[in-house]
Amino acid sequence: MQLVQSHSSKFSWQTLPWQQFAPWLIPAALIVLWQILAQIGIISTRILPAPTQIVEAAIRLALSGELVRNVVVSLYRALAGFLIGGSIGLSLGVLNGLARRAELLLDSSIQMIRNIPHLALIPLVILWFGIGDSARIFLVSLGVFFPIYINTFAGIRSIDPNLLEMGRVYGLSRKQLFSQIVLPGALPNMLVGLRYALGLMWLTLIVAETIAANSGIGYMAMNAREFMQTDVVVMSILLYALLGKLADSIVRTLERWWLPWHPSQQG
Amino acid sequence: MSAINYTKSDPVNVTSGAHVVVQDLSKSFGNFQVLKGMNLEINAGEFVAVVGKSGCGKSTLLRLLSGLDTPTSGQIYIDEQPLGGLNPFARVMFQDSRLLPWRRVLDNVTLGLKYQSQQRGQWALQEVGLADRANRWITQLSGGQRQRVALARALVSQPRLLLLDEPLGALDALTRLEMQNLIETLWKEQQFTAFLVTHEVEEAVYLADRVIVIEDGEISLNLSISLPRPRNQGSAEFAELKMRILDQILGRPRQLERDVSALPAFQS
């Protein structure tokens, strides 16, 4: 046993750096290639500025305070929309998952609305809310609502009825059945919904901010386009990628915390 | 629930088995009558096994005893009290272990316990020989270990009636033998009333004080097994009882009587 343990710890010590660096190898190589191609003039800086120029642009905007201000505004819109749409999606998903009558009443209406691409509503939303923050928050809420709703609903419905029956025989109350069997059983699906929702949250926000806004990352990009500041445009796009990656990492961390039992978290 | 004293400090305290009376019990699903006016008495602490072809109604009887289903007509009495709703004295062990994968082994065992759950859960795991697996996830256990956890979960509240719904059906032959011995040992130690539904005639004869054959919703054979424990599956008496039950289930003429009586042991 001792031998096996020391062997396995040596094994993981050797593989750990590789596992940490491997995902970054291709992006790093692409950036190096990009820098070289830009410097020897194969890529025109007006089409795609070199990575160093983008970093310079980021530093310039950070120093002027413009970068932080726009990022904060975008984050606020994203989070507000996420909280509103997410909480409505979660509550309706739980309600319809638990009660057949509620499902009968609500689900087909929800499915009808879901089949309208929410970005197609932009003209209507602008008419309703003007071009203020409420229009963008409304759109983000709508985008976030459906993945959370559908996956919560599906998660609750996929619970093995045999487990619920077992819970009843073992004397669990309705409340305990919900908190000890339904909720933990639906959690993997709910986190899948969360991941999709966060993706849609950024997507919706980008579109909403590029079409009509006077602040935010999307506005910063559109504004820079007018002045041919390609470096700022590319930086804004990279910023979205970074924030999207951050949101994804948060979900992964939640999965590690909440689903330690799940096959996806083992081995 | 008042009969089970949760404040007892020593979880090994024995509670006596439940006395069960089934009176004119019928159960229909739509037009299909699964149980037809069944009458049955099970003494406190008795081990009764029910065998029969699939669809004969044996699992339905178990579900009625657990209170998961309600009878169409007739009544079940537990210690002279009519059963209405879930049976608070009973625990069920299912064929599929029905453990919660999001709980560790010990937390599965203590499901639904209100008092001293950690201590009593450890005790139950010790009884089934899995005390060292308390902190494992369910997915890390073998099929036999999962059923042992399910048995611990059933026994932790010291039920007065243990309902076993083909609990060993999905296990391999060797693990099944181990589990049969474990169930017998725990039954002798804790003296609960046991009701085992199985399609394994050998298992029924090995474990039960009495084997009941159900055919088309009625009891067609009610046979006491008085062989001394632990039973020897290889003995002629064991084989005779087993064949008698099989003949009844399969509707074979009792030609066996002749064959067995030809054996030297039966010629006295």
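Residues numbered from 1 in each chain as written. Chains lettered and ligands numbered in written order. Predicted model: local features only at pLDDT ≥ 70, side-chain atom pairs only at ≥ 80, totals over all residues. Heavy atoms only, no water.

Residues and elements named next belong to chain B. Pairing in this open sheet of four strands is antiparallel, and the strands run E2-E1-E4-E5 from one edge to the other. Edge strands, defined here as strands with exactly one partner in the open sheet, are strand E2 (32–42) and strand E5 (81–82). Inspection of the sheet shows strand E1 (residues 20–29) paired to strand E4 (residues 73–78) by five bridges, in the antiparallel sense. Bridging from a neighbouring strand, Val22 pairs with Ile76 of E4. Contacting E1, E2 and E4, helix H1 (residues 58–66) runs over the sheet at an angle of about 115° to E1. (Pairing = 2+ DSSP bridges. Helix = DSSP H or I, 4+ residues; strand = E, 2+ residues; numbered from the N terminus. Contact = heavy atoms within 4.5 Å. Axes fitted to C-alpha atoms, helices over the stretch in contact; angles between N-to-C directions.)

Residue and element names in this part refer to chain B. Chain-level pLDDT for chain B is 88 on average; 89% of the residues reach the 70-or-more range. Of all the helices and strands in chain B, helix H8 (residues 256–261) carries the lowest mean pLDDT, 55, while strand E8 (residues 193–197) carries the highest, 97. Considering only residues more than four positions removed or in separate chains, one finds that residues 1–14, a stretch of pLDDT under 50, has 25 contacts. (pLDDT = per-residue confidence, 0-100.)

So, about the packing of helix H5 (residues 122–129) of chain A against helix H6 (residues 133–157) of chain A. Residue and element names in this part refer to chain A. In the contact formed by H5 and H6, the axes pass within 9 Å of each other and the chain directions differ by 140°. Classified by the interaxial angle, the pair formed by H5 and H6 is oblique. For the element pair H5 and H6, the recorded crossing hand is right-handed. For the pair formed by H5 and H6, the contact residues are Ile122, Val125, Trp128 and Phe129 on the first element and Ser134, Ala135, Phe138 and Leu139 on the second. Of the residues belonging to the contact of H5 with H6, the class tally is seven nonpolar, one polar and no charged. (Parallel < 35°, antiparallel > 145°, perpendicular 65-115°, else oblique. Left-handed = near helix turned anticlockwise from the far one by under 90°. Nonpolar A, V, L, I, M, F, W, Y, C, P; charged D, E, K, R; others polar.)

Attention now moves to the packing of aromatic side chains. Residue and element names in this part refer to chain A. The tally for this structure, following the rule as stated, stands at nine aromatic pairs over all chains. Pairing Phe145 with Tyr149 gives two aromatic rings, centres 5.7 Å apart and planes at 10°, and the pair type is stacked. With a gap of four residues between them, Phe145 and Tyr149 both fall in helix H6, about one helical turn apart. Across the pair, Tyr149 and Phe145 agree in class, each one buried. Measuring from centroid to centroid gives 6.4 Å for Trp202 and Tyr240, while their planes differ by 65°, and the two rings are edge-to-face. Note that Trp202 is positioned in helix H8 (residues 174–211) and Tyr240 in helix H10 (residues 230–258), a separation of 38 residues in sequence. (Phe/Tyr/Trp six-rings, centres within 6.5 Å; stacked < 30°, edge-to-face > 60°. Buried < 20%, exposed > 50% of the residue type's maximum accessible area, 1.4 Å probe, protein only.)

What follows covers the interface of chain A and chain B. Each partner contributes residues to the interface: chain A has 15 residues there, and chain B has 21 residues. The contact between chain A and chain B buries some 1,900 Å² in all, and 63% of this surface belongs to carbon and sulfur atoms. It is Val169, Tyr170 and Trp261 of chain A in chain A that bury the most area against chain B; as a group they hold 38% of the surface buried on that side. As a salt-bridge pair, Glu165 of chain A and Arg63 of chain B come within 2.9 Å of each other at their nearest N and O atoms. Our count for the chain A to chain B interface comes out at seven residue pairs in polar contact (both at pLDDT 80 or more). Listed by contribution, the elements that provide at least two residues to the side of chain A that touches chain B are helix H7 (161–169) and H8 of chain A. Ranked by residue count, the leading element in the side of chain A that touches chain B is H7 of chain A, at six residues. Here the residues of the side of chain A that touches chain B sort into nine nonpolar, four polar and two charged. (Buried area = accessible area lost by both parts, 1.4 Å probe. Salt bridge = Lys/Arg side-chain N within 4 Å of Asp/Glu carboxyl O. Polar contact = N/O pair within 3.5 Å; in protein donor to acceptor, adjacent residues only side chain to side chain.)

What follows covers the pattern of salt bridges. Applying the stated criterion to the full structure yields 19 salt bridges over all chains. Of the charged contacts, one joins Arg63 of chain B and Asp69 of chain B as a salt bridge, the two residues approaching to 3.0 Å between their closest N and O atoms. What makes Arg63 of chain B partly exposed here is its relative accessible area of 23%. Take Asp69 of chain B: its relative accessible area is 18%, and that puts it in the buried class. Among the salt bridges present, the one from Arg98 of chain B reaches Asp96 of chain B, with a minimum N-O distance of 3.3 Å. What emerges from the salt-bridge pattern is a single network uniting Glu165 of chain A together with Arg63, Asp69, Asp96 and Arg98 of chain B.

With that settled, the discussion passes to the domain arrangement of chain B. Residues and elements named next belong to chain B. According to the domain assignment, chain B consists of domain 1 (20–89 + 159–226) and domain 2 (101–158). The gap between the C-alpha centroids of domain 1 and domain 2 is 24 Å. In this assembly, 13 residues from domain 1 lie in contact with twelve residues from domain 2. Contact between domain 1 and domain 2 buries roughly 1,100 Å² in total, counting both sides, with carbon and sulfur atoms accounting for 69%. Remark: the boundary between domain 1 and domain 2 carries zero salt bridges. For the side of domain 1 that touches domain 2, the element with the most residues is helix H5 (residues 173–190), which contributes seven residues. Taken together, the residues of the side of domain 1 that touches domain 2 sort by class into nine nonpolar, two polar and two charged. (Domains from an automatic or database assignment.)

Here the focus is the nonpolar core. Residues and elements named next belong to chain B. In terms of nonpolar packing, the biggest core is built from 131 residues, with Leu151, Phe195 and Ile245 touching the most fellow members. Two domains share this core, each providing at least three of its residues, namely domain 1 (20–89 + 159–226) and domain 2 (101–158). Setting aside its immediate chain neighbours within four residues, Ile245 contacts Val51, Val201, Val205, Val211, Val213, Leu221 and Leu223. (Core = buried A, V, L, I, M, F, W, Y, C linked by side-chain atoms within 4.5 Å.)

With that settled, the discussion passes to the packing of helix H4 (residues 100–114) of chain A against H6 of chain A. Residues and elements named next belong to chain A. Packing of H4 against H6 brings their axes to within 12 Å, and their N-to-C directions diverge by 145°. In the crossing of H4 with H6, the sense of the turn from one axis to the other is left-handed. Each of Arg100, Glu103, Asp107, Ile110, Gln111, Ile113 and Arg114 in H4 lies in contact with H6, whose residues at this interface are Phe145, Phe146, Tyr149, Ile150, Phe153 and Arg157. Broken down by class, the residue content of the contact of H4 with H6 amounts to seven nonpolar, one polar and five charged.

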